[in-house]
Amino acid sequence: MAAPTVQGLWRTPTDNGQVRIEDCGAKICGRLVTSDRLQALPDQRDVRNHDKALRGRRLVGVLIAQGFSGGPTTWTGGTVYDPAGGGTYSGRIALTGPDTLKLTGCIIAPLCRSQTWTRIK
């Protein structure tokens, strides 16, 4: 039996979000695929982004996680973007089971927030 991988489609606990985690070169990244709000209004823009130059981009396809390296169960060194607040934070991804992962974003340790995501496929 093959060891579980972090690559795949994951459900977030916020707004039934779906994020696809994939290889981005030698690192891993995660792109926003959809959410309940995006299904209702698919052309939503990144209006809360702290970077004013990025506020016009569509939320579908936005990198939520990028620059992570490591594995096979923990990835560090990347950043996590929160479109609800518009901020980007240092992050960590930990595969806590074959179908669960813990994504953590920190302004500065110990000021961190974590979410548990569930594998869709």
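Let me begin by describing the structure that accompanies this report. These numbers come from a predicted model, not from an experiment.

**Remarks on the sheet that holds strand β6 (residues 87-97)**
Pairing between the strands of a sheet is mediated by backbone hydrogen bonds and can be parallel or antiparallel. Taking strand neighbours around the barrel as the criterion, the 8 strands line up as β1-β2-β3-β4-β5-β6-β7-β8 in a closed arrangement whose pairing is antiparallel. The mean inter-strand angle of the sheet, taken between neighbouring strand axes irrespective of direction, is 30 degrees. Bridge count between strand β2 (residues 18-24) and strand β3 (residues 27-34): 7 bridges; the pairing is antiparallel. Bridged to C24 within β3 is K27.

**Notes on the nonpolar core**
Grouped together as the largest cluster of nonpolar side chains are 20 residues, with contacts concentrated most on I21, I93, L101 and W117. Secondary-structure elements contributing two or more residues to this core are β2, β3, β4 (63-70), β5 (74-82), β6 and β7 (100-108). Sequence-distant contacts of I21, defined by excluding residues within four places in its chain, comprise V6, Q7, G8, W10, I28, C29, G30, L101 and W117.

**Describing unusual backbone geometry**
The omega torsion of the bond from G71 to P72 falls at 5 degrees, within 30 degrees of zero and hence cis. Its identity as a non-glycine residue notwithstanding, D15 has a phi of 60 degrees, on the positive side. Take D15: it is sitting in the loop between β1 (8-11) and β2. On the basis of relative accessibility, which here comes to 25%, the residue D15 falls in the partly exposed class.

**Brief notes about the packing of aromatic side chains**
The final tally for this structure, using the stated rule, is 0 aromatic pairs. Positioned over the ring face of Y81 is R57, at 5.5 Å from the centre of the ring.

**Some remarks on the side chain of D82**
Positionally, D82 belongs in strand β5. Judged by its relative accessible area of 19%, D82 falls in the buried class. Those residues in contact with D82, other than ones at most four positions away along the chain, are G87, Y89 and R113.

Parameters at a glance
Residues numbered from 1 in each chain as written. Predicted model: local features only at pLDDT ≥ 70, side-chain atom pairs only at ≥ 80, totals over all residues. Heavy atoms only, no water. Pairing = 2+ DSSP bridges. Helix = DSSP H or I, 4+ residues; strand = E, 2+ residues; numbered from the N terminus. Axes fitted to C-alpha atoms, helices over the stretch in contact; angles between N-to-C directions. Core = buried A, V, L, I, M, F, W, Y, C linked by side-chain atoms within 4.5 Å. Buried < 20%, exposed > 50% of the residue type's maximum accessible area, 1.4 Å probe, protein only. Contact = heavy atoms within 4.5 Å. Phe/Tyr/Trp six-rings, centres within 6.5 Å; stacked < 30°, edge-to-face > 60°. Lys NZ or Arg CZ within 6 Å of the ring centre and 35° of its normal.

Read these as layout, nothing more, since geometry by itself doesn't imply function.
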